[in-house]
Amino acid sequence: MAEKPKSVLLPVLAVAVFAGLGRMVIQKIKADRAARRNSGGPARVGRGQDRVAGPVDEKTRQWISEVVRTPRQ
């Protein structure tokens, strides 16, 4: 009895998918490291304190808070 020829398509497709996923993970890790290196803190969205360029003293923080709360004329 003759054996069925085995398809090579499925293993090749699986390797391509896993290679693509691995590449995406590596790119994400590199982007996170670059963002952390450039921002000085964790790369988070929506946290104003993490997006500040440098340390801010209390007087400046109060001034910014007042400017943000005051509507424009």
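A brief structural summary.

What counts and how
Residues numbered from 1 in each chain as written. Predicted model: local features only at pLDDT ≥ 70, side-chain atom pairs only at ≥ 80, totals over all residues. Heavy atoms only, no water. Helix = DSSP H or I, 4+ residues; strand = E, 2+ residues; numbered from the N terminus. Buried < 20%, exposed > 50% of the residue type's maximum accessible area, 1.4 Å probe, protein only. Areas by Shrake-Rupley, 256 points an atom, 1.4 Å probe, with all protein chains shown as cover. Patch = residues over 30% accessible without salt bridge, like charges linked within 9 Å, V, L, I, M, F, W, Y side chains within 5 Å. Salt bridge = Lys/Arg side-chain N within 4 Å of Asp/Glu carboxyl O.

## Quick look at the overall build of the chain
For the chain, the helix and strand inventory stands at two helices and zero strands. Burial analysis of the chain (73 residues in total) assigns 3% to the buried set. If you sum the accessible surface of the chain, you get close to 7,400 Å²; carbon and sulfur atoms cover 62% of it.

## Structural notes on a nonpolar patch on the surface
On the surface, Leu-10, Leu-13, Val-17, Phe-18, Leu-21 and Met-24 cluster together to form a nonpolar patch covering roughly 650 Å² of accessible area. You can see Met-24 is positioned in helix α1 (residues 9-39). A residue is classified by how much of its surface remains accessible, and Met-24, at 53% relative accessible area, is exposed.

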